[in-house]
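# Examination of the molecular architecture
Each chain, written out:
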Amino acid sequence: MTSTSSTAPQSTRRPTALVTGATAGLGAGFATSLARRGHDLVIVARDAERLERTAAQLRAAHGVQVEVLVADLADRAAVARVADRVADADRPVDVLVNNAGFGLKQRFRDGDLADHERMFDVLCRAVLVLSRAAAGAMVARGRGHVLNVGSVAGMVPGGGHYSAAKAYVIVLTETLAGELRGTGVGATVVAPGYVRTEFHSRSGMRSGGSSGLSSRVWLDIDEVVDAALDDMFAGRPVSVPTRRWKAVSALLDVAPRRLVSAVWNAAPSGARRRHPGTGG
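Overview of the structure. Quick caveat, the model's predicted, so the values are computed rather than measured. For every chain, the first residue of its written sequence is number 1, and the numbers climb from 1 along that sequence. Given that the model is predicted, a residue must reach a pLDDT of at least 70 before its local features are reported, and side-chain atom pairs must reach 80 or more before they are shown or counted; all residues, however, enter totals for whole chains, interfaces and linings. Values shown for side chains rest on all heavy atoms present in the structure; no hydrogens or waters enter the calculation.

### With respect to the overall build of the protein
Counting its secondary structure elements, the protein contains ten helices and seven strands. We call a residue buried when its accessible area falls under 20% of the maximum for its residue type, exposed when it is over 50%, and partly exposed in between, using a 1.4 Å probe and counting protein chains only. Among the 280 residues that make up the protein, the fraction classed as buried is 52%. For accessible areas, the Shrake-Rupley method is used with a probe of radius 1.4 Å. Any residue's cover is judged against the shown protein chains and nothing else. Accessible surface for the protein amounts to roughly 12900 Å². Of this, 53% is attributable to carbon and sulfur atoms. Comment: elements are numbered from the N terminus, with helices defined as DSSP H or I runs of at least four residues and strands as E runs of at least two.

Here it is, written out as C-alpha cells:
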C-alpha cells in the first residue's frame, strides 16, 4: 500500500527518509522529527491500518509526502520488498532508520526457539539486509545516511538474546561506517538506555519505582531521537544520548565483562527483564 503522488524533480525534491517500526515508540519519534526537519517519508510496519493513520497525521501536521509500506520484517520476502524500495534509484532514500524491534520475557536457554528466531530476523537480519541495500544505493549517489537503533544493552554480557542482537547491530554499524569513510555516506548506531515508550505499558512495567530502576535513568523519546539525528547528520558513528548514559557506556567499555555480568545479574528482577533501548 503506497500513497499516490507525482515525483518532484530531482533538483527541487525534498530528501526522503525510510523508517522501520514507524508507528510507535522511537520509530514514530524518528518519523515525526525527520518530517519536521523537511524530509518526505516512507514508513514501514506490520499494521496497515495503523500505518495509514500515522501517515495521515504526518501529512497533516508537517505537509510532507508519506508513503506506507506494510511489511513484517521477520518475513524474508517482506524484507526483500523493503530492500528494493531502499535501493530504488528512481525514488532515492536519503536516510534509512532501522528501528523495528521488540523484547522477549524469556531466557535464552529454555525460551521458545521460534520467538528467538523471530527476534534474530527482525533485530539482526533485517538490519543487515536493509543497511547493505542502502549503502550500495547511497554510495552510487555519493550521499546518504544509515541510522541503526542499537542499545546500551548491547554492551552488557548477560542481557540475553536481546543484548546479543544489539551487540551485533553496534558492531555491524561501526564496521559499515569504516567501510563508508570517504564515500559521502555515513552510518551511525544510536545506543540509548531505558526509553519511556508505550512498550512499557503493554509489558506492565512503569518507568521507575516498581521496575527497580530509578526514574533518573529513563529517557524521553524526543531526547533520544534528537541526539541520534544530530549525531547522524554530524557524521558520528556512535550516538549515546545524554551525559549520564554516555558515562554508563564509557564504564561498560572499560569494566571487566565478568564484573558487568555479575552486576547485571544482581539487579532487581524487573530491571533484568526490561531491556534498555527497546523503543521500536
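Right, picking up where we left off after that structure.
### A word on the packing of helix 1 (residues 25–36) against helix 7 (residues 221–233)
Axis angles are defined between N-to-C directions and span 0 to 180 degrees, where every axis is a line fitted to C-alpha atoms and, for a helix, only to the segment in contact. At a minimum axis separation of 9 Å, helix 1 and helix 7 run at an interaxial angle of 55 degrees. The angle between helix 1 and helix 7 falls in the class oblique. Between helix 1 and helix 7 lies a crossing of right-handed hand. Contacts between helix 1 and helix 7 involve Gly25, Leu26, Gly29, Phe30, Ser33 and Leu34 from the first element and Ile221, Val224, Val225, Asp226, Ala228, Leu229 and Phe233 from the second. Side-chain classes are defined by residue name, with Ala, Val, Leu, Ile, Met, Phe, Trp, Tyr, Cys and Pro counting as nonpolar, Asp, Glu, Lys and Arg as charged, and the others, Gly among them, as polar. Among the residues making up the contact of helix 1 with helix 7, the classes are represented as nine nonpolar, three polar and one charged. Angular relationships are summarised with four words: roughly parallel below 35 degrees, roughly antiparallel beyond 145, roughly perpendicular across 65 to 115, and oblique for the angles in between. Helix crossings are classified by the rotation of the near helix relative to the far one: an anticlockwise turn of less than a right angle makes the crossing left-handed, while a clockwise turn makes it right-handed. Working rule for contacts: check all heavy atoms of both residues, and any pair within 4.5 Å makes them a contact.

### Focus: the sheet that holds strand 7 (residues 238–239)
Strand order in this open sheet of seven strands is 3-2-1-4-5-6-7, and the pairing throughout is parallel. The outermost strands of the open sheet, each flanked by one partner alone, are strand 3 (66–70) and strand 7. Strands qualify as paired when DSSP identifies two bridges or more between them. Bridge count for strand 1 (residues 16–20) against strand 2 (residues 40–45) is five bridges, and the pairing is parallel. From the neighbouring strand, Val19 faces strand 2, where its bridge partner is Ile43. Each of strand 1, strand 2, strand 4 (95–98) and strand 5 (144–149) is contacted by helix 1, which is oriented at about 170 degrees to strand 1, the strand it contacts most. Seen against the sheet, helix 2 (residues 48–62) touches strand 2 and strand 3 and runs at an angle of roughly 170 degrees to strand 3.

### What about the pairing of strand 2?
Where a strand is regular, its side chains alternate between the two sheet faces. Strand 2 sits mainly inside the fold: six of its six residues count as buried. Burial along strand 2 is two-sided: the residues Asp40, Val42 and Val44 and Leu41, Ile43 and Ala45 are all buried. By convention, orient the strands away from the viewer: a clockwise path from the first strand over the helix to the second makes the crossover right-handed. Crossover handedness for the path strand 1 to helix 1 to strand 2: right-handed. Relative to strand 3, strand 2 runs parallel, the two sharing five bridges. Bridge pairing in strand 3 links Leu41 to Val66. Following the chain from strand 2 across helix 2 to the adjacent parallel strand 3, one finds a crossover that is right-handed.

### Observations concerning helix 8 (residues 243–254)
Between the first and last C-alpha of helix 8 there are 17 Å, a value that for twelve residues agrees with the 16 Å anticipated at 1.5 Å per step. Taken as a whole, helix 8 has its buried residues at Trp245, Ser249 and Leu252. For helix 8, the angular spread of buried residues about the axis comes to 60 degrees, placing them on one side. Of the exposed residues in helix 8, the ones pointing more than 90 degrees away from its buried face are Arg243, Leu251 and Val254. By definition here, a helix of n residues has an expected span of 1.5 Å times n minus one. By arc we mean the arc of the directions from the helix axis to the C-beta atoms, nothing more.

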